[in-house]
Amino acid sequence: MDSLIGDAERYRILFETMEDGFCIIEFFDGPHGPLSDYIHVEANPAYERNAGIPNVVGQKLREMVPDEADGWVELYGGVLRTGKPIRFQRELEKTGHYLDVSSFRVGPFENRQVAVLFKDISAQVKAQKALHDLNETLELRIEQALAEREEAESALRQAQKMEAVGQLTGGLAHDFNNLLAGISGAFEMIGVRLAQGRTGDIDKYLTAGQGATRRAAALTHRLLAFSRRQTLTPKPTVINRLLGDFSELVRRTVGPQIEVQTIAASGLWPALVDANQLENALLNLCINARDAMPVGGKITIETGNRWLDDRTARDHGLTPGQYVTVCTSDTGTGIDKAILDRVFDPFFTTKPIGQGTGLGLSMVYGFARQSNGHVRIYSEPGDGTMVCIYLPRHRGEEDVDAPDIAEPAVEAEAGETVLVIDDEPSVRMLIVDALGDLGYHCLEAADGPSGLRILESRGRIDLLITDVGLPGGLNGRQVADAARMLRPDLRILFVTGYAENAVLNHGHIEHGMEVLTKPFAVDELHRRVATLLQAE
């Protein structure tokens, strides 16, 4: 029937309009051997779209893709010889197209013809590769992201901590000047009494000067320990033991117009907490309390044991159980209930521009959560504010540092020699005289290079005592490293003015080395020297 489309025409329409590429190839014998090449005898328009090669009819394989020909001949040659259809995926390297291919023989082997049906799956393959690469690198990227977040949080903590240090300096300067006045006054009175020949009064001036010196050292050590950047380590701690020294720190910070009261609960449980970080959090709360009382008032720091049942814990956003609480309360202006829910948001502050970063309470909140606890705030406008930190009870004993046991000074053995390197003449004199009283022979140097020249000599040196911070281009650690190269068994005592030994920040303390922090007692110097020289 003329109105009906014939089979040939139907085939032609399908051939021309199908989305997949299609061709018929015919094998022939070539220079590479029997059936070693083929020619495209038929191809549809979709061939070019899927394979990326135009005008393929009449083209020979080895002329089209000479570098890839052997692989394609092997695949389609197998179909021709066996008559078994195949399906595979392969990249056409010449055009970079990934193809999903189906192939079958057309007629008997003698026709030497194979049909190929294929489609371009490049986008799919690239997406799969991207997903694979993503999965391969996901763990590394998560680690990097976590490390970057920790670095950012650490920077925020340090910035907030240094803001608190700034708040400390006014009170510390006042106290330190008082202590210096006591020290210098004691020395002056000792000089006066010696000139008068009245030696009976000297002891009380010595006692006063030594006491002021110890308090000044405690002040600087506490400030340096508070401000340093460090990896924080929680330990089982009874918080009551921190309150004595900490309340003094708060009093210096908030000034004399504000009363500071501590209420330590009896039988307080230990909590697993980093004491330095807890003090940081509490100091920020006390600074906020001070700012809320511009005309003076009262700050109360109170500890307690709390048992939270299911309902109370749910109301507080906590897990039921036993908690140690430490709360600060003030008699200040209070906080409007409209903003009370926002006070823990980073950078939220009610203070004027330039008077606060808005990091204080957010860092307190972060500290509490990192300690597996929580923080709650209660406030009434005009009646003051209370902030409570909840820390889980630690089911164990408190970590208590073993007290140092004083040991008698040990006299020097015959000929034992100590090299003392310090750029401060008074410190150098103190060390030399103190060791000289025990019979040690002492050599002196004021800087690293001159000390190193003594070490390079052939004279006997049993112990090196060196300041960490030295002028002349060589610090104490560098001098010690050079000394160990020259004298491998040399004992070394580092002396440093930092609250924590700075030597550890630039290397490790080896066998036969110790660290002594300035200012130090003469008895402690004697003990450290004896420990080093008597060690096997």
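I will try to describe carefully the structure that is included in this document. (Residues numbered from 1 in each chain as written. Predicted model: local features only at pLDDT ≥ 70, side-chain atom pairs only at ≥ 80, totals over all residues. Heavy atoms only, no water.)

**Observations regarding the overall build of the protein chain**
Link 1 in the chain: For the protein chain, the count of helices and strands is 14 helices and 17 strands.
Link 2 in the chain: Taking all contacts inside the protein chain whose residues are at least 6 apart in sequence as the whole, residues at least 24 apart take part in 65%.
Link 3 in the chain: When the accessible surface of the protein chain is totalled, it reaches about 29,600 Å², and 53% of it is carbon and sulfur. (Helix = DSSP H or I, 4+ residues; strand = E, 2+ residues; numbered from the N terminus. Contact = heavy atoms within 4.5 Å. Areas by Shrake-Rupley, 256 points an atom, 1.4 Å probe, with all protein chains shown as cover.)

**Some points on the packing of aromatic side chains**
Link 1 in the chain: One pass over the structure, following the stated rule, counts eight aromatic pairs.
Link 2 in the chain: Between the aromatic rings of Tyr38 and Tyr76, the centroid separation amounts to 6.0 Å while the plane-to-plane angle is 65°, which identifies the pairing as edge-to-face. Here Tyr38, found in strand β2 (residues 33–43), pairs with Tyr76, found in helix α4 (residues 69–82); they are 38 residues apart in sequence, far enough to count as distant. In this pair, the class of Tyr38 matches that of Tyr76, namely buried.
Link 3 in the chain: Aromatic rings pair up to connect Phe27, Tyr38, Trp72, Tyr76 and Phe88 into one cluster. (Phe/Tyr/Trp six-rings, centres within 6.5 Å; stacked < 30°, edge-to-face > 60°. Buried < 20%, exposed > 50% of the residue type's maximum accessible area, 1.4 Å probe, protein only.)

**A word on helix α11 (residues 425–436)**
Link 1 in the chain: With 12 residues, α11 ought to run about 16 Å at 1.5 Å a step, and its terminal C-alpha atoms sit 16 Å apart, in line with that.
Link 2 in the chain: Buried residues along α11 sit in contact with β13 (417–421), β14 (441–445), β15 (463–467) and α14 (522–534). (Expected span 1.5 Å × (residues − 1).)

**As for the pairing of β2**
Link 1 in the chain: Bridge analysis of strand β1 (residues 21–30) against β2 gives seven bridges, and the strand direction is antiparallel. Its bridge partner being in β2, Cys23 is matched across the sheet by Ala43.
Link 2 in the chain: Turn length for the β1-β2 hairpin, with the two strands adjacent in sequence and antiparallel, is two residues. (Pairing = 2+ DSSP bridges.)

**Thoughts on the packing of α11 against α14**
Link 1 in the chain: The N-to-C vectors of α11 and α14 enclose an angle of 65°; their axes lie 10 Å apart at closest approach. Between α11 and α14, the angle falls in the class roughly perpendicular. The chirality of how α11 crosses α14 is right-handed. Across the interface between the two elements, Leu430, Ile431, Ala434 and Leu435 of α11 pack against Val522, Leu525, His526 and Val529 of α14.
Link 2 in the chain: For the contact of α11 with α14, a count of residues per class yields seven nonpolar, one polar and no charged. (Axes fitted to C-alpha atoms, helices over the stretch in contact; angles between N-to-C directions. Parallel < 35°, antiparallel > 145°, perpendicular 65-115°, else oblique. Left-handed = near helix turned anticlockwise from the far one by under 90°. Nonpolar A, V, L, I, M, F, W, Y, C, P; charged D, E, K, R; others polar.)

**Observations concerning the pattern of salt bridges**
Link 1 in the chain: Applying the stated criterion across every chain yields a total of 13 salt bridges.
Link 2 in the chain: Between Asp70 and Arg62 there is a salt bridge, with the nearest N and O atoms lying 2.8 Å from each other.
Link 3 in the chain: Owing to a relative accessible area of 53%, Asp70 belongs among the exposed residues under this scheme.
Link 4 in the chain: A salt bridge links Asp462 to Arg460; its shortest N-O distance comes to 2.8 Å.
Link 5 in the chain: Accessibility expressed as a relative area gives 43% for Arg460, which makes it partly exposed.
Link 6 in the chain: Within this structure, Glu514, Glu524, Arg527 and Arg528 form a network of salt bridges that share partners. (Salt bridge = Lys/Arg side-chain N within 4 Å of Asp/Glu carboxyl O.)

**Some details on empty space enclosed by the protein**
Link 1 in the chain: In the structure shown here, the tally under the stated rule is two cavities of 30 Å³ or more.
Link 2 in the chain: In this structure, the largest cavity encloses a volume near 190 Å³.
Link 3 in the chain: Broken down by secondary-structure element, the contributors of at least two residues to the lining of the largest cavity are β1, β2, α2 (46–51), α3 (61–64), α4, β4 (97–105) and β5 (113–120).
Link 4 in the chain: Broken down by class, the residue content of the lining of the largest cavity amounts to 16 nonpolar, one polar and no charged.
Link 5 in the chain: Every residue lining the second largest cavity is listed: Ile239, Leu242, Leu243, Phe246, Leu278, Glu279 and Leu282.
Link 6 in the chain: When residues of the lining of the second largest cavity are traced back to their parent elements, those giving at least two are α7 (240–254) and α8 (275–291). (1 Å grid on protein atoms, 1.4 Å probe; cavity = no way out; pocket = protein on both sides within 12 Å on 5 of 7 lines; lining within 4 Å. Points joined across faces, edges and corners; volume = space filled by probe spheres on them.)

**Some points on unusual backbone geometry**
Link 1 in the chain: One non-glycine residue, Leu35, adopts positive backbone phi at about 55°.
Link 2 in the chain: Examined against the element boundaries, Leu35 turns out to sit in strand β2.
Link 3 in the chain: Judged by its relative accessible area of 14%, Leu35 falls in the buried class.
Link 4 in the chain: If you check the backbone angles, Arg112 has positive phi at about 60° while not being a glycine.
Link 5 in the chain: As for its placement among the helices and strands, Arg112 is situated in the loop between β4 and β5.
Link 6 in the chain: Judged by relative accessible area, Arg112 falls into the partly exposed class, the value being 29%.

**Section: the state of the cysteines**
Link 1 in the chain: Going through the model one piece at a time under the given rule, you end up with one disulfide.
Link 2 in the chain: Two residues, Cys327 and Cys388, share a disulfide whose sulfurs are 2.1 Å apart. Across the S-S bond linking Cys327 and Cys388, the dihedral sits near 110°, which makes this disulfide right-handed. Here Cys327 is found in strand β10 (residues 321–330), whereas its partner Cys388 is found in strand β12 (residues 384–392), with 61 residues between them in sequence. (Disulfide = S-S within 2.5 Å.)

**Here we look at the side chain of Ser379**
Link 1 in the chain: Along the chain, Ser379 falls in strand β11 (residues 374–380).
Link 2 in the chain: On the basis of relative accessibility, which here comes to 6%, the residue Ser379 falls in the buried class.
Link 3 in the chain: Within the structure, the side chain of Ser379 is placed 2.8 Å from the backbone nitrogen of Ile335, a separation counted as a polar contact.
Link 4 in the chain: Looking at Ser379, its side chain comes within polar contact range of the main-chain oxygen of Gly384, at 3.2 Å.
Link 5 in the chain: Excluding residues within four positions of it along the chain, Ser379 makes contact with Gly334, Ile335, Lys337, Leu340, Gly384 and Thr385. (Polar contact = N/O pair within 3.5 Å; in protein donor to acceptor, adjacent residues only side chain to side chain.)

**Quick notes on a nonpolar patch on the surface**
Link 1 in the chain: Taken together, the side chains of Leu131, Leu134, Leu138, Ile142 and Leu146 define a hydrophobic patch exposed on the protein surface, amounting to about 420 Å² of accessible area.
Link 2 in the chain: For Leu146, the location among the structural elements is in helix α5 (residues 122–196).
Link 3 in the chain: We classify Leu146 as partly exposed; its relative accessible area is 48%. (Patch = residues over 30% accessible without salt bridge, like charges linked within 9 Å, V, L, I, M, F, W, Y side chains within 5 Å.)

**Side note on the sheet that holds β2**
Link 1 in the chain: Spatially, the five strands line up as an open sheet ordered β2-β1-β5-β4-β3, and their pairing is antiparallel. Each having just a single partner strand, β2 and β3 (86–92) make up the two edges of the open sheet. Going from strand to strand, the sheet's axes swing by 35° on average, the running direction of each strand aside.
Link 2 in the chain: Relative to β4, β3 runs antiparallel, the two being bridged by seven bridges. Its bridge partner being in β4, Glu91 is matched across the sheet by Tyr98.
Link 3 in the chain: Its contacts with the sheet put helix α1 (residues 7–17) on β1 and β2, and the angle it makes with β2 is roughly 100°.
Link 4 in the chain: Where α4 meets the sheet, it contacts β1, β2, β3, β4 and β5, and its direction lies at approximately 165° from that of β3.

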